[in-house]
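Residue strings, one per chain:
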Amino acid sequence: MGHSKISLFLCRPYHKKMYAHARMKTTLKLVLLYFAYQLLAGAAMAGINLLWPLSATAQLGWALLLSGTAMTAHLVGFRHVNLRQALRPVGADVMLCSLVCIAGTVLAGNALSLLIPLPNWLDSDFTALGHTLVGAFSIALLAPLAEELLFRGAILQSLRADSASPWRGILLSALIFGLIHINPAQVPFAILAGIAFGWVSVCTHSLLPAIIGHALNNSLGIIEILAYGNSGAPTPMQEQPTGALLIIALAGTATAIITGRKLTHHILLQKEKSTTK
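Since the model is a prediction, treat every value here as computed from it, not as a measurement.

## Regarding the overall build of the chain
Thought 1: Counting its regular elements, the chain contains ten helices and zero strands.
Thought 2: Of all 277 residues assigned to the chain, the portion counted as buried reaches 38%.
Thought 3: Accessible surface, the chain: about 15,700 Å² in total, of which carbon and sulfur atoms supply 70%.

This is the structure:
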């Protein structure tokens, strides 16, 4: 009896390590699949272009639509995510708190992006896509759905499954989310946004607040493109001096932390009430 207990004790670290490797392997496969669908969609549009010539912007827009739809269908069809559970509705107060937390993070990320400018390789592509219906739909609505199902649904839940604390999964999934954007100007912002999306998803046990917050952020980006993209005029944020940007970054960070903590306390209070009933 004593020997069996010792054997189980010694085997636990091995099994834990084995499960962690399996989950990282699953994460890697999903990320590669994400890029594979993009490549296949691009190849499909290149083939269609031989029969029905399209502009480069139209090809890119339709490729985004195809790859986003395929990724979403794959995640749901192969049960990497449970759609009903992922889109579980939350209360109005929880939704508001979640969106304010995301907004604070986005505000801080935008300010920091202007304080530490990085090369924007895709600026002209996004500007062109924002002026097309397919491109705007893919960026503003489809991408938030597909990316949240992938990064906060399948990947985050897989990475945090073997850990008592959710932060390892949140930070790793946010880092992967940032790096897959590839464009240097987007990577730091996407990592910060990914942390907020991940925390909100973990607290609410739903992807709905993150999807809505993600969609609102991308939709505001499309509105900004339509308002300032062709004129070349600076946006209101770009006109701010360094000192104002620092204040905006600090205010956004403080807002995200305060509302994030409030969201945590609110969820814990709800759990206590449900257990006492």
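## Focus: the packing of aromatic side chains
Thought 1: The final tally for this structure, using the stated rule, is four aromatic pairs.
Thought 2: Measuring from centroid to centroid gives 5.6 Å for Tyr-34 and Phe-35, while their planes differ by 75°, and the two rings are edge-to-face.
Thought 3: Accessibility expressed as a relative area gives 27% for Phe-35, which makes it partly exposed.
Thought 4: One aromatic cluster is present, built from ring pairs that chain together Tyr-34, Phe-35, Phe-151 and Phe-177.
Thought 5: The positively charged end of Arg-152 is found above the aromatic ring belonging to Phe-177, 4.3 Å away from the centroid.

## Observations concerning unusual backbone geometry
Thought 1: Of note, Ile-182 is a non-glycine position whose phi angle comes to about 65°, a positive value.
Thought 2: In this structure, Ile-182 sits in the loop between α7 (167-179) and α8 (187-204).
Thought 3: Even without being a glycine, His-205 presents a positive backbone phi close to 55°.
Thought 4: By the secondary structure assignment, His-205 is in the loop between α8 and α9 (208-228).

## Some details on the pattern of salt bridges
Thought 1: All chains considered together, the criterion is met by one salt bridge.
Thought 2: Glu-148 serves as the salt-bridge partner of Arg-152, at 2.8 Å between the closest nitrogen and oxygen. Here Arg-152 and its partner Glu-148 are both found in helix α6 (residues 133-159), four residues apart, which amounts to about one turn of the helix.

## Thoughts on the state of the cysteines
Thought 1: Under the counting rule described, the total for this entry stands at zero disulfides.
Thought 2: Here Cys-97 stays unpaired: no disulfide links it, and the sulfur of Cys-101, its closest cysteine neighbor, is 7.1 Å away.
Thought 3: Just so you know, Cys-203 is unpaired, no disulfide at all, and the nearest cysteine sulfur is the one on Cys-101, 8.0 Å from it.
Thought 4: You can call Cys-203 buried: its relative accessible area is 8%.

## Digging into the nonpolar core
Thought 1: Grouped together as the largest cluster of nonpolar side chains are 40 residues, with contacts concentrated most on Leu-75, Leu-150, Phe-151, Ile-155 and Leu-263.
Thought 2: Secondary structure elements with two or more residues in this core: α1 (2-51), α2 (56-77), α4 (92-115), α6, α7, α8, α9 and α10 (242-276).
Thought 3: Considering each element in turn, this core owes the most residues, nine residues, to α8.
Thought 4: Not counting residues within four places of it along the chain, the set of residues in contact with Leu-75 comprises Leu-30, His-80, Val-81, Ala-146, Leu-149, Leu-150 and Ala-154.

## What to know about the side chain of Ser-67
Thought 1: Note that Ser-67 resides in helix α2.
Thought 2: Look at Ser-67 and you get buried, because its relative accessible area is 7%.
Thought 3: Apart from the residues lying within four places of it in its own chain, the contact partners of Ser-67 are Tyr-37, Gln-38 and Ala-41.

Reading guide: rules and limits
Numbers given for residues are sequential positions, taken from 1 along each chain in its written order. The predicted origin of the model limits local features to residues at a pLDDT of at least 70 and limits the giving and counting of side-chain atom pairs to 80 or more, whereas totals for whole chains, interfaces and linings rest on all residues. Values shown for side chains rest on all heavy atoms present in the structure; no hydrogens or waters enter the calculation. Runs of E in the DSSP output that reach at least two residues are strands. Runs of H or I that reach at least four are helices, and both are numbered from the N terminus. Accessibility here uses a 1.4 Å probe with only protein chains present; expressed as a share of the type maximum, an area under 20% marks a residue as buried, one over 50% as exposed, and anything in between as partly exposed. Surface accessibility in these figures is a Shrake-Rupley result with a 1.4 Å probe; residues are shielded only by whichever protein chains are displayed. Planes of paired rings set the category: under 30 degrees apart is stacked, over 60 is edge-to-face and the rest tilted, where pairs are Phe, Tyr or Trp rings (Trp by its six-membered ring) whose centres lie within 6.5 Å. Criterion for a charge above a ring: Arg CZ or Lys NZ at most 6 Å from the ring centre, at most 35 degrees from the ring normal. A side-chain nitrogen of Lys or Arg and a carboxyl oxygen of Asp or Glu constitute a salt bridge if their distance falls within 4 Å. Disulfides are defined as pairs of cysteine sulfur atoms found within 2.5 Å of each other. The term nonpolar core refers to a set of buried residues drawn from Ala, Val, Leu, Ile, Met, Phe, Trp, Tyr and Cys, joined through side-chain atoms within 4.5 Å. Contacts are residue-level and defined by heavy atoms, with any inter-residue pair within 4.5 Å sufficient.

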